[in-house]
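# Inside the fold
Here is how the chains run, residue by residue.
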Amino acid sequence: MKYHLRLIVSFALCILTSGTPTNEIPSGFFANHTNNWAVLVDASRFWFNYRHVANVLSVYRSVKKLGIPDSHIILMLADDMACNPRNPRPATVFNNANQHINVYGSDVEVDYRGDEVTVERFVRLLTGRLEPSTPPSKRLLTDDRSNVLIYMTGHGGDGFLKFQDAEEITSTELADAFEQMWQQRRYNNIFFMIDTCQAASMYEKFYSPNILAVASSQVGEDSLSHHLDASLGVYVIDKYTYHALDFMEKLRKDSKKSMADFLRVCPRHQCVSTVGVRSDLFPRNPADVRVTEFFGSVRNVERTDHVVDLGESAAEPAAPPRPAEGTEPAAAAAANTYRYVPQFPIMS
Amino acid sequence: MSGAACIFLAFCVVLAPVIALDTFNESLLIKPLSSGHVIAQFDFVISADDVAGPHFHLVPRQLGEVISHHHVQELHLSLTQGFWRHQTWGYPARQAGTGAQLWVWFQPDTPDVDEAWRSLVNALSGLFCASLNFMDQTVTASPSFAYRPQGVVSDAAQSESRLLRTASLPREATCTENLTPWQKLLPCGAKAGLSMLLNPTHLYSTSYHSLSVDFRPVCADERCSRLGYEIAQSVTLVYEPVTFERRQGPRQNWSTKTLFGAGLFSACALAQHSHVFVDTAANETHPFVLTPAPEGVVQSTVAGHTASFAVYDVRNLTAAGGVNLRADYAREHRYIWTPSLPLTVTEYQTGSGQFSVGLSLQLHSSQRTRPLEVAVLQVVPWYIRLYLHTLKVTVGDQVIQPVYQRLVPGRDRQRPYTLELALRVPPLSVATVSVQAERAFLKWHEYPPDANHGFYLPGAVVSALLPADNVTRHPHRSPPVEQGRMFVRLSAENQLVTLPTPDFSMPYNVICLVCTVVALAFGPLHNICTKRLLLVPISDEKPGYVTRLRDAIGRLLSRCRPGGQSPSATAHTAPAKATKAD
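Rules used throughout
- Residues numbered from 1 in each chain as written.
- Chains lettered and ligands numbered in written order.
- Predicted model: local features only at pLDDT ≥ 70, side-chain atom pairs only at ≥ 80, totals over all residues.
- Heavy atoms only, no water.
- Helix = DSSP H or I, 4+ residues; strand = E, 2+ residues; numbered from the N terminus.
- Buried < 20%, exposed > 50% of the residue type's maximum accessible area, 1.4 Å probe, protein only.
- Contact = heavy atoms within 4.5 Å.
- Areas by Shrake-Rupley, 256 points an atom, 1.4 Å probe, with all protein chains shown as cover.
- Rg over C-alpha atoms; globule rule 2.2 N^0.38 Å.
- Lys, Arg positive; Asp, Glu negative; His and termini not counted.
- Charge placed at Lys NZ, Arg CZ, Asp CG, Glu CD.
- Salt bridge = Lys/Arg side-chain N within 4 Å of Asp/Glu carboxyl O.
- Polar contact = N/O pair within 3.5 Å; in protein donor to acceptor, adjacent residues only side chain to side chain.
- Pairing = 2+ DSSP bridges.
- pLDDT = per-residue confidence, 0-100.
- Buried area = accessible area lost by both parts, 1.4 Å probe.
- Patch = residues over 30% accessible without salt bridge, like charges linked within 9 Å, V, L, I, M, F, W, Y side chains within 5 Å.
- Core = buried A, V, L, I, M, F, W, Y, C linked by side-chain atoms within 4.5 Å.
- Axes fitted to C-alpha atoms, helices over the stretch in contact; angles between N-to-C directions.
- Disulfide = S-S within 2.5 Å.

### Focus on the overall build of chain A
Each helix and strand in chain A was counted, giving ten helices and 13 strands. The 348 residues of chain A split such that 52% are buried. For chain A, restricting intrachain contacts to residue pairs at least 6 apart in sequence, the fraction spanning at least 24 positions comes to 72%. Total accessible area computed for chain A in this model is approximately 16900 Å², and 55% of it derives from carbon and sulfur atoms.

Here you go:
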């Protein structure tokens with residue numbers, strides 16, 4: 001009897017415990033994005049704002065290193081520092097006075113540059129309301145499963161960010177742009193990073209879900225630059241981005257560091273300004289989110305047994321009209337020969 | 001079994017589409033000059049039978065699709081930094097004004113050329129990472145004889161000027177972000193062959209660099225009965241080793257390591273020919289020794305002028321490993337006198353103040369006997385409003401008439417001014433083409449962010465037929481020869497013009513506003529607080545004789561009487577002012 005009771009109890013226990021798996025579901029499993037995009041904006045013009053260009057290029061470099069391809073990065077530089085006549089080392093932008101790394105590199109693609117970096121174009125880029133003739137490399141082709149990293153740097157104030165020393169984008173406009181993105185389902189998660197003075201004011205107005213934001217300073221504080229390069233005569237990087245870059249240089253694609261570690265970068269004794277974080281709109285705990293979910297192009301592979309019918313393979317598309325004359329080549333060859341025209345007008 | 005395989009193979013051979021293969025040739029031309037400069041020109045040429053696809057062999061697919069989608073017959077794009085100083089360096093192989101320059105011929109059957117142009121410049125801006133999308137109708141011109149198709153045409157309809165669009169952006173910067181996509185169009189990319197020498201840090205430290213892409217239809221065979229296409233990508237660089245490489249004193253020593261940062265390692269495996277040519281014209285006045293010794297010498301006679309080039313085949317050269325091609329000069333560089341060029345061109349602006357401005361283009365001809373025929377194209381943006389009646393061509397004090405001129409007036413915010421002149425410059429003289437203009441006051445939102453920098457006007461494009469002596473030319477690809485002379489196109493200097501700019505700076509506006517408010521409010525307030533106004537009625541009429549007598553008697557009596565004046569006396573005093581209270 002006792003033996004039967006023990007058997008029944010142990011059998012019942014087995015049934016009860018067999019429902020729960022014995023190994024933990026890894027926290028990264030809940031990442032639900034399929035592609036990564038990055039929008040990196042430098043909004044400052046003029047040589048003395050060299051550090052803003054160096055900031056953006058540092059993040060660009062890190063993001064490329066961790067796997068996001070150029071086709072998924074929109075890089076906006078408001079001024080040309082590398083080939084600026086005042087640059088003693090052309091085609092280079094350094095973020096360190098020791099000039100260890102040329103963050104400009106030899107494989108850079110800038111999508112919006114110079115006078116193209118305006119508030120209107122930036123908002124149109126985010127919301128997707130671009131002219132039909134805009135080429136794909138200048139469009140943000142995100143979908144509802146894209147994780148988007150948005151990094152902005154420049155001069156800012158309480159509630160605004162200055163573009164090109166001529167106009168400004170307010171925090172309300174930015175929040176509305178993100179809401180439009182949400183309503184069009186143009187993102188899965190956004191990580192918003194801003195390195196300007198009084199940067200926290202820019203994320204205060206956000207009201208769309210799935211946004212995690214970090215700012216280099218609170219309202220009323222200035223973000224400071226890190227150090228000066230005497231040979232260039234300008235500051236080369238800001239404090240917050242310098243330490244953030246330091247953190248990212250140690251990352252690799254399989255790194256397990258979490259966003260919580262990233263949000264702790266540059267405490268007050270290093271940055272002088274207080275780094276601000278806004279995580280109430282973000283559904284997950286930043287400690288469960290890996291840095292590579294925003295900065296890298298690491299995705300989960302979902303195994304499925306569902307068979308997808310692609311339909312019949314598309315027939316080879318008809319070749320577009322050849323850039324020769326409209327008639328058939330054989331007829332043209334028979335009809336007339338080709339000739340070069342004189343380049344210089346005949347004056348007689 | 002073998003029979004079935006044979007039949008299968010025969011089936012494949014018969015029914016497989018015949019895909020003509022493209023050919024690719026790369027070359028590097030190095031031309032040391034007697035002025036101490038060294039010109040380096042890379043040419044990457046793809047010859048193909050078809051650029052429309054859908055099968056692409058060596059023709060880059062991005063470019064081929066852009067060309068075929070936009071009905072492009074010919075396309076010429078250049079991105080340049082620096083100015084080609086033809087007085088010192090001779091005439092360029094390919095004209096490229098500073099900034100971005102694009103000229104395109106469209107197919108005759110293009111439904112809407114303006115729409116195709118707009119869409120094309122946007123596509124190219126994405127392809128080359130340049131702001132070519134700013135080439136809108138306000139800077140686009142359609143000249144009639146300054147630009148002609150450089151490729152073959154089959155009938156005259158293909159060379160109508162309504163199919164031509166040209167625009168330039170003088171302010172456009174060129175940097176690594178333009179080189180990166182440009183290099184990706186090459187068959188070997190940046191990984192092998194001569195394109196490995198395109199190192200950005202060396203490329204952009206030059207006195208002049210120009211990146212260009214030229215697409216045109218060409219003759220595919222000798223009799224020119226078949227059409228082929230050519231995509232030529234070239235980089236033109238001008239170095240100054242005498243100034244910048246001073247390890248052995250001021251010598252013109254150059255090598256591929258000092259010029260490009262690397263030696264020659266390989267030839268592109270997809271290239272049919274891969275050569276390095278060194279122009280030896282300057283060897284007579286400034287002798288140099290090439291190491292390793294050249295494989296041969298190539299002579300090229302064009303328009304009566306023979307140029308000789310030392311030739312290297314890169315495959316043979318690099319068969320045993322990397323090679324640093326060097327030129328050593330025995331003695332220090334001596335600056336010598338060079339005879340003046342047959343045509344030199346310079347442009348400058350005149351006038352002062354914020355309203356009026358003038359543009360002058362000087363054409364110097366050093367030909368001794370014959371007048372020099374010159375074609376000039378000047379495109380001026382609408383905000384420099386030209387007074388076309390002041391356009392004149394003078395030689396000294398004498399006004400000469402151009403042989404032909406076509407002037408298209410600009411329209412505010414719609415199209416630029418296009419001036420095309422064909423004129424004859426008398427021998428040994430200077431012809432000055434000048435025009436007066438006014439500067440427009442733009443609307444406040446039309447100013448660019450850095451408005452006080454000024455606005456750039458593209459320089460004039462001057463074409464002429466000149467002797468071939470002073471032209472930088474490639475042994476196998478040279479500019480066309482017409483009437484026994486070589487066709488040369490030059491750019492004049494871009495002009496930087498300041499327009500009257502409001503002061504957008506915040507402190508100035510705040511000071512103005514505050515001072516105005518203070519002046520308007522404080523002055524009257526102070527007066528009211530510290531002064532009292534007394535109104536004194538006055539009469540304009542001269543009082544009558546009787547009244548004056550009465551007043552005089554009244555005054556006399558009041559002097560006798562103690563106390564104040566009679567009230568009536570004050571009514572007729574001479575014009576009284578509002579007196580100040582004490």
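### Focus: the overall build of chain B
When its secondary structure is counted, chain B shows twelve helices and 28 strands. At 36 Å, chain B has a C-alpha radius of gyration far larger than the 25 Å of a compact globule built from 582 residues. C-alpha extents for chain B along the principal axes are approximately 150 × 65 × 50 Å. Residue burial in chain B is summarised as follows: out of 582 residues, 50% are buried. In chain B, 76% of the contacts between residues at least 6 apart in sequence involve partners at least 24 apart. Summing over all exposed atoms, chain B offers an accessible surface of approximately 27500 Å²; the carbon and sulfur share of this is 58%. For chain B, the centre of its 47 positive side-chain charges and the centre of its 44 negative side-chain charges are spaced 13 Å apart.

### Brief notes about the side chain of Arg489(B)
Looking at where Arg489(B) falls in the secondary structure, it is placed in strand β27 (residues 485–491). Notably, Arg489(B) is buried but unbridged: the nearest opposite-charge side chain belongs to Glu74(B), and the N-O separation is 8.3 Å. Within polar-contact distance, the side chain of Arg489(B) engages the backbone oxygen of Ala146(B) at 3.1 Å. Setting aside its immediate chain neighbours within four residues, Arg489(B) contacts Gln343(A), Pro92(B), Gln95(B), Trp103(B), Ala146(B), Tyr147(B), Arg148(B), Gln150(B), Val461(B), Val462(B) and Ser463(B).

### Brief notes about the pairing of strand β11 (residues 234–238) of chain A
All names here are of chain A. Of all five residues making up β11, four are buried, and the element is well covered by its neighbours. Where strand β10 (residues 225–229) lies against β11, four bridges are found, and the strand directions are antiparallel. Residue pairing across strands places His227 opposite Ile237, the latter belonging to β11. Between the antiparallel neighbours β10 and β11 lie four residues, among them Gly233 with a positive phi of about 85 degrees.

### Things to note about the pattern of salt bridges
Tallying each qualifying case throughout the model produces 35 salt bridges over all chains. The shortest N-O distance in the salt bridge between Glu177(B) and Arg113(A) comes to 2.8 Å. A residue pair is termed interchain when its members come from two chains, as with Glu177(B) in helix α5 (residues 176–184) and Arg113(A) in strand β3 (residues 112–113). Judged by its relative accessible area of 4%, Glu177(B) falls in the buried class. A residue is classified by how much of its surface remains accessible, and Arg113(A), at 8% relative accessible area, is buried. With a closest N to O distance of 2.8 Å, Arg326(B) and Asp328(B) form a salt bridge.

### With respect to the confidence of the model for chain B
All names here are of chain B. Looking at chain B, the pLDDT average stands at 90 and 93% of residues meet or exceed 70. Contacts for the low-pLDDT stretch residues 9–16, under 50 throughout, to residues beyond four places or in other chains number one contact. As scored by the predictor, the complex reaches a pTM of 0.85 and an ipTM of 0.84.

### Observations concerning the sheet that holds strand β9 (residues 227–239) of chain B
The pairing of strands in a sheet comes from backbone hydrogen bonds and takes either a parallel or an antiparallel form. Residues and elements named next belong to chain B. The strand order across the open sheet formed by eleven strands is β5-β7-β4-β3-β8-β9-β2-β1-β11-β14-β13, and the pairing between neighbours is mixed. Every interior strand has two partners, whereas the edge strands, β5 (140–141) and β13 (296–302), have only one. Note: strand β3 (residues 72–81) against strand β8 (residues 208–219), seven bridges, orientation antiparallel. Within β8, the position partnered with His76 by the bridge is Asp214.

### Focus on the interface of chain B and chain A
Residue-level contacts link 73 residues of chain B with 49 residues of chain A. Carbon and sulfur atoms supply 55% of the area that chain B and chain A bury against each other, a total of about 5000 Å² over both sides. Connecting chain B to chain A are five salt bridges. A salt bridge links Arg118(B) to Glu131(A); the shortest N-O distance between them is 3.5 Å. Counting across the interface, chain B meets chain A through 22 residue pairs in polar contact (both at pLDDT 80 or more). The element contributing the most residues to the side of chain B that touches chain A is helix α4 (residues 113–128) of chain B, with six residues.

### As for α5(B)
Most of α5(B) is tucked away, with eight of its nine residues classed as buried. Among the residues of α5(B), those classed as buried are Thr176(B), Glu177(B), Asn178(B), Leu179(B), Thr180(B), Pro181(B), Trp182(B) and Gln183(B).

### Focus: a nonpolar patch on the surface
A surface patch of nonpolar side chains, amounting to about 690 Å² of accessible area, comprises Met506(B), Val510(B), Leu513(B), Val514(B), Val517(B), Val518(B) and Phe522(B). Look at Phe522(B) and you get exposed, because its relative accessible area is 52%.

### What to know about the nonpolar core
Counting residues in each nonpolar core, the largest one holds 143 residues, and the members touching the most others are Phe191(A), Phe262(A) and Phe295(A). The element that contributes the greatest number of residues to this core is α4(B), accounting for nine residues. Ignoring sequence-local partners within four residues, the contact set of Phe191(A) consists of Val148(A), Leu149(A), Ile150(A), Leu212(A), Val214(A), Met259(A), Phe262(A), Leu263(A), Phe294(A) and Phe295(A). Within the second largest apolar cluster, 48 residues are counted, among which are Leu359(B), Leu423(B), Ala451(B) and Phe455(B).

### Structural notes on the sheet that holds strand β7 (residues 167–170) of chain A
Residues and elements named next belong to chain A. Reading across from one edge, β5-β6-β7 is the order of the three strands in this open sheet, with antiparallel pairing throughout. Taken across any chain shown, the strands that pair with only one partner, and hence form the sheet edges, are β5 (155–157) and β7. In this sheet, neighbouring strand axes are inclined to one another by 30 degrees on average, regardless of whether the strands run parallel or antiparallel. Where β5 and strand β6 (residues 160–163) come together, three bridges link them in antiparallel fashion. Each residue of the ladder has a partner; that of His155, found in β6, is Lys162.

### Concerning the state of the cysteines
Applying the stated criterion across every chain yields a total of four disulfides over all chains. Through a disulfide, Cys83(A) is tied to Cys175(B); the S-S separation comes to 2.1 Å. In this structure the cystine formed by Cys83(A) and Cys175(B) twists about its S-S bond by roughly 80 degrees; its chirality is therefore right-handed. Here Cys83(A) is found in the loop between β2 (73–77) and β3, whereas its partner Cys175(B) is found in the loop between β7 (164–169) and α5 on a different chain. Distance from the sulfur of Cys512(B), which forms no disulfide, to the nearest cysteine sulfur (Cys515(B)) is 7.1 Å.

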